[in-house]
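Summary of the model geometry
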Amino acid sequence: MECIFCNIVNHNAEAEIIFEDDEIIAFLDIQPINYGHTLVVPKKHYDNFLTVPQEELSRVIKTVQYIAGAVKRSVKADGFNVISNNGESAGQTVYHFHFHIIPRFADDFTFKPRFKNYTDEGIKEYADKIRSVLSKYKDIYNG
Ligand code: AMP
Ligand code: ZN
């Protein structure tokens, strides 16, 4: 299946590449939320956050830290968001895993999520559900 990020990795599509090594590439997002908005991408194609092997993900996040510092300094941002959209409902549009580094400025815009409130029982119920699934995947987590 045609993948725009694979094409960028293979230098078959243009991008403003700011970092590249054997495993990882980083380039500017063509539709930035703020100027300097950067994408950090493993060169191998993985659909999303959950399918990236642990070791590779560690190296990607190390690169995200390196690049985020440089992006922040270069555009004199007050802060930045590191995010990964996973699945259509979360806003994913390119199904080749990537992190966004989004420079942020005081008063640039405000996220307005519709926060919900748990009841005391409700919060326990959700925690129990998650703990139960975590225990199933413990061995994978521990390697
Ligand atoms: P997501 O919606 O989290 O999957 O992010 C995909 C991002 O890739 C979007 O912010 C797009 O603007 C960006 N994008 C799509 N095509 C290109 C491209 N050819 N070069 C750079 N960024 C791109
Ligand atoms: Zn790809």
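No experiment lies behind these values; they were computed from the predicted model shown.

It is worth spelling out the layout of surface pockets at this point. Of the pockets and cavities examined, the largest pocket occupies roughly 480 Å³. The set of elements that each furnish at least two residues to the lining of the largest pocket consists of α1 (4-9), β2 (24-28) and β5 (99-104). Considering every element that reaches the lining of the largest pocket, the biggest residue donor is α1, with three residues. Class assignment for the residues of the lining of the largest pocket results in 14 nonpolar, eight polar and three charged. Looking at the second largest pocket, its volume works out to about 280 Å³. For the second largest pocket, the full set of lining residues is Gln54, Ile130, Val133, Leu134, Tyr137, Lys138, Ile140 and Tyr141. Elements with a contribution of two residues or more to the lining of the second largest pocket: α3 (120-136) and α4 (138-142). Residue composition of the lining of the second largest pocket, by class: six nonpolar, one polar and one charged.

Okay, unusual backbone geometry next. Even without being glycine, His11 reaches a positive phi, approximately 60 degrees. Note on placement: His11 falls in the loop between α1 and β1 (17-20).

A few words now on a nonpolar patch on the surface. Nonpolar side chains collect at one region of the surface, where Ile33, Phe109 and Phe111 lie side by side and expose about 290 Å² of accessible area between them. Inspection of the secondary structure puts Ile33 in the loop between β2 and β3 (38-42). Relative accessible area serves as the criterion here: at 47%, Ile33 is assigned to the partly exposed category.

Applying the stated criterion across every chain yields a total of six salt bridges. Residue Lys43 is joined to Glu20 by a salt bridge in which the shortest nitrogen-to-oxygen separation is 2.9 Å. Here the residue Lys43 occupies a position in the loop between β3 and α2 (54-74), and Glu20 occupies one in strand β1, the gap between them amounting to 23 residues. Under the relative-accessibility criterion, Glu20 is labelled partly exposed at 35%. In this structure, Glu125 and Lys129 form a salt bridge, with 3.8 Å as the shortest nitrogen-oxygen distance. With Glu125 and Lys129 both in helix α3 and four residues apart, this pair spans about one turn of that helix.

Each value, and the rule that gives it
- Throughout this document, residue positions are counted from 1 along each chain, in the order its sequence is written.
- Chains carry letters and ligands carry numbers; both start at the beginning, A for chains and 1 for ligands, and go up in the order they are written.
- For this predicted model, a pLDDT threshold of at least 70 governs which residues receive local features, and a threshold of 80 or more governs which side-chain atom pairs are given and counted, while totals over whole chains, interfaces and linings are taken from all residues.
- In computing side-chain values, all of the structure's heavy atoms are included and hydrogens and water are not.
- Cavities and pockets are defined on a 1 Å grid built over the protein atoms alone: a cavity is a set of grid points where a 1.4 Å probe fits but cannot escape, while a pocket is an open set with protein on both sides within 12 Å along at least five of seven lines, and lining residues are those with an atom within 4 Å of any such point.
- Grid points are joined across faces, edges and corners, and a volume is the space filled by probe spheres set on the points.
- The secondary structure listing takes helices from DSSP runs of H or I that are at least 4 residues long and strands from runs of E that are at least 2 residues long, numbered from the N terminus.
- For this classification, Asp, Glu, Lys and Arg are treated as charged, while Ala, Val, Leu, Ile, Met, Phe, Trp, Tyr, Cys and Pro are nonpolar and the rest, including Gly, are polar.
- A residue counts toward a patch only above 30% relative accessible area and without a salt bridge, and it is joined to like-charged neighbours within 9 Å or, for Val, Leu, Ile, Met, Phe, Trp and Tyr, to nonpolar neighbours within 5 Å.
- Every accessible area reported is derived by Shrake-Rupley at a probe size of 1.4 Å, with residue values counting cover from the shown protein chains alone.
- We define a salt bridge as a side-chain nitrogen of Lys or Arg found within 4 Å of a carboxyl oxygen belonging to Asp or Glu.
- Relative accessibility thresholds used throughout: buried, under 20% of the residue-type maximum; exposed, over 50%; partly exposed, between the two (1.4 Å probe, protein chains only).

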